[in-house]
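Observations on the model geometry
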Amino acid sequence: MNNKQDKNIILPIFLTVFIDMLGIGIIIPVIPALFFEGDSDFFSAAMTYETKAVVYGFLLAAYPLMQFFGAPILGALSDRHGRKPLLMISLLGTMVGYFLFAVALLNGNLWLLFFSRLLPGFTGGNVSIVYSAIADASEGSDRTKNFGMIGMAFGLGFILGPAIGGILADNSVLPWFNSSTPFWFTSILTLINIILVFILFPETLNEKGSRAISLATGVKNILYSFRMPNLRSIFSVALLFSLGFTFFTQFFAVALIEKFSFSEKDIGFFYGWVGIWLVITQGLFVRILAKRNFHPTALLKVSILALSFGLLLVIFPNEVRWEYLFAPIIAISHGITTPNLLSTISAQASHSQQGAILGINQSMQSLGAAFPPIIGGYLTAIDYTYPLIAAAVIVFLAWLLFMLSHKSLKV
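Residues numbered from 1 in each chain as written. Predicted model: local features only at pLDDT ≥ 70, side-chain atom pairs only at ≥ 80, totals over all residues. Heavy atoms only, no water.

Here we take up the overall build of the protein chain. Looking only at helices and strands, the protein chain has 15 helices and zero strands in total. Looking at the protein chain as a whole, 60% of its 411 residues qualify as buried. Long-range contacts, defined here as pairs at least 24 residues apart, represent 85% of the contacts in the protein chain between residues at least 6 apart. If you sum the accessible surface of the protein chain, you get close to 16400 Å²; carbon and sulfur atoms cover 68% of it. (Helix = DSSP H or I, 4+ residues; strand = E, 2+ residues; numbered from the N terminus. Buried < 20%, exposed > 50% of the residue type's maximum accessible area, 1.4 Å probe, protein only. Contact = heavy atoms within 4.5 Å. Areas by Shrake-Rupley, 256 points an atom, 1.4 Å probe, with all protein chains shown as cover.)

Below is the structure:
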């Protein structure tokens, strides 16, 4: 594939991921503040902190749990029917979910709040579809560079999204802003994303697959991956990596609220700072490393270990400036790990299997994202630092497993 064709494909994919991640980033400061800020009026005053922590964990788990069942189905369907139509279906579910979340907040309806996360979770296979499209359009070192480019779109969304979400939820900015405003905005943003996909997104699938599809696909994917010698080790690493990092992403904002009394705006700007370093890493560092032909496995040996070290560091500071200093360690190490891990996983499959294999990876990601919120909710009820300790330990275990098994992988 020549450079012009490659750019024609990567640009709309970049825009799709950026807008999608912007929507995800917008809600990051809102949900933990809804549960843990003292002036939140969504819950009755009679509800204890411990109960809120557990409910918070189950709400966070709702999306990835449904994604565990839905994403591999959409990934396999995209192998059969094409990337574009399935991506649009996925985004439609996301848009409806944001709309219903806003309605639930206005009506104080906890059950609708849960349903609004379950629905887009089931249709939330857009990431595996986008990665499949990149794999369709990339070979060799270009695969890692293009995954890194999409990682930069994630980072840009991560810079702007939380900051915008924190501002839109703050009624001191405008009197009519409230916790539901970011979700109305994100619903509209996702509609724009759907329109852009329809207009700009090219179909990248040339060789159609025919893998069987069922509601049990997610479970079958896990069992299948552990039966295949060339997949077992790398997917186990991916699972542990996802488990550990989810503890951090879902509960670090809680720690910032409890320890430093962060508001939605404070959380938004902090995560924006993290996003800046993600963009620098995946837009610059990853591309430089790929151009200099650094082997993905060599990079993963260092980056996964560095991430576990960074996750441990953020537990200790009693001054917020240290959190800002330690955050780049996490962002840089995660920014290097993600595209190289995806590139390694993608290299294990043929072109016709990309959707299925990356769907399996999404199953691992979803499984890894489903259980930490539930466990972390109970851990937070005991001490808000416990989920962060769990994050560091589990990512370290992922590094140990990778060190023991990386020689058997194709790259």
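Okay, back to it.
Turning our attention to helix α8 (residues 181-200). A rise of 1.5 Å per residue sets the reference length of α8, with its 20 residues, at 28 Å; its end C-alpha atoms lie 28 Å apart and thus fit the reference within 8%. Along α8, the positions that sit buried rather than exposed are T181, P182, F183, T186, S187, L189, T190, N193, I194 and V197. (Expected span 1.5 Å × (residues − 1).)

With that settled, consider the environment of S333. Here S333 lies in helix α13 (residues 320-346). With 26 residues separating them in the primary sequence, S333 and L307 have C-alpha atoms 5.2 Å apart. Each residue touching S333, except ones within four places of it in the same chain, is listed here: S303, A306 and L307. In this structure the side chain of S333 is engaged in a polar contact, spanning 3.5 Å, whose partner is the backbone nitrogen of L307. A distance of 3.2 Å separates the side chain of S333 from the backbone oxygen of I330, its partner in a polar contact. (Polar contact = N/O pair within 3.5 Å; in protein donor to acceptor, adjacent residues only side chain to side chain.)

When the terminal C-alpha atoms of helix α11 (residues 264-291) are compared, their 39 Å separation across 28 residues agrees well with the 40 Å that a helix rising 1.5 Å per residue should span. Most pronounced at T281, the bend in α11 amounts to some 35°. (Bend = angle between axes of the 7 residues up to and from the residue.)

Attention now goes to a nonpolar patch on the surface. A cluster of nonpolar side chains, contributed by L305, I382, Y386, I389, V393, F396, L397 and L400, occupies part of the molecular surface with about 660 Å² of accessible area. Per-element tally for the nonpolar patch: the top contributor is helix α15 (residues 386-405), with six residues. Within the element layout of this structure, I389 appears in helix α15. (Patch = residues over 30% accessible without salt bridge, like charges linked within 9 Å, V, L, I, M, F, W, Y side chains within 5 Å. Salt bridge = Lys/Arg side-chain N within 4 Å of Asp/Glu carboxyl O.)

Moving on, we get to the side chain of S116. Counting through the fold element by element, S116 comes out in helix α5 (residues 110-122). Here the side chain of S116 touches L113 through a polar contact of 2.6 Å, landing on its backbone oxygen. Apart from the residues lying within four places of it in its own chain, the contact partners of S116 are G97, L100 and F101.

Right, let's get into the environment of L105. Inspection of the secondary structure assignment puts L105 in helix α4 (residues 83-107). Assessed through its relative accessible area of 10%, L105 is described here as buried. Put simply, L105 and F183 are 78 residues apart on the chain and 9.5 Å apart in space, counted from C-alpha to C-alpha. When near neighbours in sequence (up to four residues on either side) are disregarded, L105 contacts L34, F42, L113, S179, S180 and F183.

Below, the discussion takes up the packing of helix α12 (residues 296-313) against α13. One way to put it is that α12 packs onto α13 with a least axis distance of 8 Å and a crossing angle of 145°. Along this stretch, α12 crosses α13, giving a crossing that reads as left-handed. Side by side, α12 and α13 meet where P296, L299, L300, S303, I304, A306, L307, G310, L311 and L313 of the first sit next to F326, I329, I330, S333, H334, I336, T337, N340, L341 and T344 of the second. Class assignment of the residues belonging to the contact of α12 with α13 gives a composition of 13 nonpolar, seven polar and no charged. (Axes fitted to C-alpha atoms, helices over the stretch in contact; angles between N-to-C directions. Left-handed = near helix turned anticlockwise from the far one by under 90°. Nonpolar A, V, L, I, M, F, W, Y, C, P; charged D, E, K, R; others polar.)

Let's shift gears to the nonpolar core. Ranked by internal contacts, the top residues of the largest apolar core, which has 79 residues, are I31, F35, F183, F248 and L311. Sorting elements by how many residues they give to this core places helix α10 (residues 229-260) first, with 19 residues. Filtering out sequence-adjacent residues up to four positions away, F248 remains in contact with L311, V314, I330, L388 and A391. Grouped together as the second largest cluster of nonpolar side chains are 28 residues, L22, I26, I129 and I159 included. (Core = buried A, V, L, I, M, F, W, Y, C linked by side-chain atoms within 4.5 Å.)

Residue-level pLDDT values for the protein chain average 83, and 87% of them are 70 or greater. Within the protein chain, no element has a lower average pLDDT than helix α1 (residues 3-27), which sits at 71, and none a higher one than α15, at 95. Throughout residues 1-5 the model reports pLDDT below 50, and contacts reaching past four residues in sequence, or to other chains, amount to three contacts. (pLDDT = per-residue confidence, 0-100.)

Summed over all chains, the structure comprises two salt bridges. For the salt bridge of K265 with D170, the shortest nitrogen-to-oxygen distance reads 3.4 Å. Highlighted residues: K265 in helix α11 and D170 in the loop between α7 (141-168) and α8, separated in sequence by 95 residues.

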